[in-house]
Each structure stands twice: as structure tokens, then as C-alpha cells.
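Topology and contacts: notes
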Amino acid sequence: MPTVDIPAGRMHYVADGDGPPVVLLHGLLMNHTIWDEVIGLLPPGFRYIRPDLPLGAHPIPLAPGTDLSMRGLNQVVADFLAALDLHDVVLVHSDWGGALFLTAYGLDERVGRLVVLPCEAFDNFPPGLPGKMATVTSRIPGGFTLALRQLRVPWLRRTPLLFGWMARNPLPDDLVRGWTEPGLRDPAIRRDLLAYTRSGFPARELIAHTEELRRFRGDALILWSAAGKVMPRAHGRRLAELIPAARLVEIPDAYVLSMLDQPAAVAKAMSEFLLTERTETGT
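The structure contained in this document is the topic of the report that follows. (Residues numbered from 1 in each chain as written. Predicted model: local features only at pLDDT ≥ 70, side-chain atom pairs only at ≥ 80, totals over all residues. Heavy atoms only, no water.)

Turning our attention to the side chain of Thr210. Here Thr210 is to be found in helix 8 (residues 203–211). Among the residues examined, Thr210 registers a relative accessible area of 0% and is labelled buried. There is a polar contact of 2.9 Å between the side chain of Thr210 and the backbone nitrogen of Phe122. Filtering out sequence-adjacent residues up to four positions away, Thr210 remains in contact with Phe101, Ala121, Phe122, Leu239 and Leu242. (Helix = DSSP H or I, 4+ residues; strand = E, 2+ residues; numbered from the N terminus. Buried < 20%, exposed > 50% of the residue type's maximum accessible area, 1.4 Å probe, protein only. Polar contact = N/O pair within 3.5 Å; in protein donor to acceptor, adjacent residues only side chain to side chain. Contact = heavy atoms within 4.5 Å.)

Proximity of charged atoms lets side chains of opposite charge pair with each other. In total, this model carries 11 salt bridges according to the counting rule given. A salt bridge links Arg113 to Asp219; the nearest nitrogen and oxygen atoms lie 3.6 Å apart. With Arg113 in strand 6 (residues 111–119) and Asp219 in strand 7 (residues 219–225), the pair connects residues that are 106 residues apart, well separated along the chain. Judged by its relative accessible area of 7%, Arg113 falls in the buried class. The class for Asp219 is buried, based on a relative accessible area of 4%. (Salt bridge = Lys/Arg side-chain N within 4 Å of Asp/Glu carboxyl O.)

Scanning all chains against the criterion turns up 7 aromatic pairs. Between Phe163 and Trp179, the aromatic rings sit 5.9 Å apart at their centres with planes inclined by 80°, giving edge-to-face as the arrangement. Remark: Trp179 occurs in helix 6 (residues 173–185) and Phe163 occurs in the loop between helix 5 (154–157) and helix 6; sequence separation between them is 16 residues. A relative accessible area of 1% places Trp179 in the buried class. Taking 5.3 Å as the distance between ring centres and 75° as the angle between the ring planes, the aromatic pair formed by Tyr196 and Phe201 counts as edge-to-face. Accessibility assignment for this pair places Tyr196 and Phe201 in one class, buried. (Phe/Tyr/Trp six-rings, centres within 6.5 Å; stacked < 30°, edge-to-face > 60°.)

Rendered as C-alpha cells:
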């Protein structure tokens, strides 16, 4: 995997194709492989970049003491875009909704358009039962090591407290082994994750920062799931109403990880958006 240096350390990423940049993000205890089923279905003529964010499944830790609060992680994302000298990025959000706050922090100058799959928004940080489980786990010594081991047990990860409400279909063993290996191997990876999960999520601030998206001037596709209990269906509608040049498309029979549940439907909606001319508002 290629790497790029940012002020906080070194980040790994995968890049496919050539053309305008599309940067696809991922959630907690996941990495770039979450998009493997969709990448080959997206249209040519774009550069698809998938970073491994420091959310517990990244290959190498960031520098000790790195700010991995919500604002700090937004800076990491902004620094990644800058390090690759990316402009007019289509930024794709999934599960982790923190990077929606780039606009609130004044860090979205390199972002031209948004694709928002089911993710944290408004006061839904951390989200649902899995989020509450992550919060409790972060307060228990050795909690994340135990959780990573539990994720490797198929019947345990299908419970609502782990990934049972994240994906409608069972997650493949090899996919989850790849997500859990870094954290089980390296305590510094767990340190990075804990720096985020213990940083605090004040609801009033989260709502205010989400609502700053009304200032985002680019086009947006809110590609939400019609099913599931972790990311409220109503949040998709609220985001579509909040962003001036947004439209809502719902994916049926999918939970949070709709790129795994319905890869063809996700790829079709994303492809249509990528190939559509910008509106005047988004220009």
C-alpha cells in the first residue's frame, strides 16, 4: 500500500484509476476494504482513493500525542487531502460521520461534493447500540482487545451490540480478520482508537456542527438506507433538507454498511451522481 506523510504521522491508502479525486472514508474498527465490493462497479475516469483512517484498523499508529478528538480527526482528513494535493474532492462518508464537520471547522476548502452513506450525524455520536458498546469498552482496561477478539467469533459479531445491526448480511471472516489484526497486534493502534473514543461527544456541539452543513455550497448525494436501527432513517432526510444542493436516495434492504448489503445499488447511485453535471449552486 502507498503511504503519505502528514503532520500527525504516516497514513496508508489505496488508489485506483485516474481523473478527478473521489475519497472514500470508513468507520470505526474498519479500513479501506469496506469498499472492495463497490470499487470495481464505479465508472472509469475518476481517481478513487481509500485512506485507512486512525480508527482502530489502520496498519501503523500515528505519532504519540496526536490530537484524535473530533476536531483532531478532521484535521487528519484535511491534512491527508492536502498531502496528496487533492482539489475539488468528492468526499464519501460512511459510518463515521466526523468528517461531516470539515465545514464547521473551516477545513473543507478541498471538498467540492459530498456523498453521504448512513453515518453519524446530529446527536447520534456514538451511534446506537454498537456506539454505546464502544463507549463502555473504552472505559474498561483491556476492553478493546476483548472486543476485537469477540469480533472474530461469527455468532458474537452478529449480535446487535457488535456488528449485527451494521450489516444485514453476515460479514465475511477474512474481512473482519483484516480489520481486527492491527489492533490485536499493536497496542499503539488501540491507543489511537482510545484517544478518539475517550475524547467526548457533547450533543449540543455535535448538532451545531452538523447544522453548519447548510453552508456547504457543493452538490451532495445523501445515499441513506431505508432499513436499520443504528443510523435513523430520519437523519437522511434531515441532511438532505439541510444541505442546499442535496438530494436523497434511499437503498432498500440495507443497514449501515450498504456497500456490503447492496453493492450494486450503491454503485449505481454513486455512478449517476459522479457522472451528473454540477448544479449552479454547486459550481
